[in-house]
Amino acid sequence: MPESVTGTGAVARLAALPGVRTASAVADAAEQARAAGQVLPVSPALTELLPHGGLRRGITVAVRDSTSLLLALLAEATARGSWAAVVGAPRLGLVAAGELGVELGRLALVPHPGAEFAAATAALLDGFDLVAVRLPPGSEALARRLSARARHRGAVLLSFGAWPGAEVELRCRPVRWSGPADGHGHLEAREVVVEVTGRAALVRPVRSTLLLPGPEGTVRTVPAVPAVTVAPPVAVAEAGAG
């Protein structure tokens, strides 16, 4: 086959085109971004769901159908020293946030921003690493302005629910609870399926099964069930045969 179609020469020419990057270059860039602090960490169970293995500064992430999943995204970063804020979520449970691993000492709350929603969110994006908001209805233009501000300031913007123009969107679908044992006690873990889509060039559709929460309260991957190999039946000769 001609070099123009395949081979190292073709790969080099493709990689040189604007907007085209090889898989190895993408992986190298993601690792460099993490090392430089441009990607905020998430728990190991969530790294495979995000295009950079974490929350890249300047990104907008919409989390649909699960407050627990959004809180889980805040946990690792706040535990490692980042500051987060939540705007417009008055029913947010701090106990649940703490159980999911969020460092409450680095979490600011603005439960009722009212008419100051836009100003409060913009100010927080200027000074906090992560800002989670519940967008008021009919605020599409405001959503675009806040995403632009997050990109400019290098903050991570997370949304409770849909967000116009979000680079990444996570949907969470509950599957089942496990426990209690022997018919009494407390529920121990909830199994969920998380689906990831996005408009960014590096986002590929991903689906993962998680425990949210797991038995210890934090997010965990569902352990893979080992395949069971069944030996074929062995023929037994009848007595007296032969």
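What you are looking at is a predicted structure, and each value in this text was computed from that prediction instead of being measured. (Residues numbered from 1 in each chain as written. Predicted model: local features only at pLDDT ≥ 70, side-chain atom pairs only at ≥ 80, totals over all residues. Heavy atoms only, no water.)

So, about the overall build of the protein. On a plain count of helices and strands, the protein comes out with six helices and 11 strands. Here the protein, with 242 residues, has 38% of them falling under the buried criterion. For the protein, the share of sequence-separated contacts (at least 6 apart) that also reach a separation of at least 24 residues comes to 59%. For the protein, the computed accessible surface area is about 13,700 Å², with 56% contributed by carbon and sulfur atoms. (Helix = DSSP H or I, 4+ residues; strand = E, 2+ residues; numbered from the N terminus. Buried < 20%, exposed > 50% of the residue type's maximum accessible area, 1.4 Å probe, protein only. Contact = heavy atoms within 4.5 Å. Areas by Shrake-Rupley, 256 points an atom, 1.4 Å probe, with all protein chains shown as cover.)

Our focus in this paragraph is the environment of A79. Within the secondary structure, A79 sits in helix α3 (residues 67-79). C-alpha separation for the pair A79 and P41, spaced 38 residues apart in sequence, amounts to 9.6 Å. Contact partners of A79, with chain neighbours within four places excluded, come to G101, E103 and R106.

Attention now goes to helix α6 (residues 140-153). Under the 1.5 Å per step criterion, the end-to-end length of α6 is 20 Å for 14 residues, consistent within 8% with the ideal 20 Å. Positive phi appears at G154, one or two residues downstream of α6, with a value of about 75°. (Expected span 1.5 Å × (residues − 1).)

Right, let's get into the pairing of strand β3 (residues 60-64). Burial within β3 is extensive, with four of its five residues counted as buried. Where β3 meets strand β7 (residues 156-160), four bridges bridge the pair, whose relative direction is parallel. Across the sheet, residue T60 finds its bridge partner in β7, namely L157. (Pairing = 2+ DSSP bridges.)

Counting buried positions along β7 yields five of five residues, so the element is predominantly enclosed. Relative to β7, strand β6 (residues 130-133) runs parallel, the two being bridged by four bridges. What sits directly across from V133, in β7, is S159.

Next up on the list: the pattern of salt bridges. Counting across every chain of the model gives nine salt bridges. Between D129 and R57 there is a salt bridge, with the nearest N and O atoms lying 3.0 Å from each other. On the criterion of sequence distance, the pair formed by D129 in the loop between α5 (117-127) and β6 and R57 in the loop between β2 (55-56) and β3 is long-range, its members being 72 residues apart. Residue R57 is classed as partly exposed on the basis of its relative accessible area, which comes to 28%. We note a salt bridge from R80 to E76, for which the minimum N-O separation is 3.0 Å. The exposed category is assigned to R80, whose relative accessible area is 60%. (Salt bridge = Lys/Arg side-chain N within 4 Å of Asp/Glu carboxyl O.)

The next subject is unusual backbone geometry. Peptide bonds are mostly trans, and most non-glycine residues show a negative phi. Of note in the backbone geometry, D65 takes a positive phi value of approximately 75° without being a glycine. A relative accessible area of 58% places D65 in the exposed class.

In this fold, T78 is placed in helix α3. Here T78 falls in the buried class, since its relative accessible area comes to 0%. A polar contact is formed between the side chain of T78 and the backbone oxygen of L74, at a distance of 3.0 Å. Excluding its chain neighbours within four sequence positions, the residues that come into contact with T78 are A84, G101, V102, E103 and R106. (Polar contact = N/O pair within 3.5 Å; in protein donor to acceptor, adjacent residues only side chain to side chain.)

As far as function goes, none of this settles anything; it's purely spatial.
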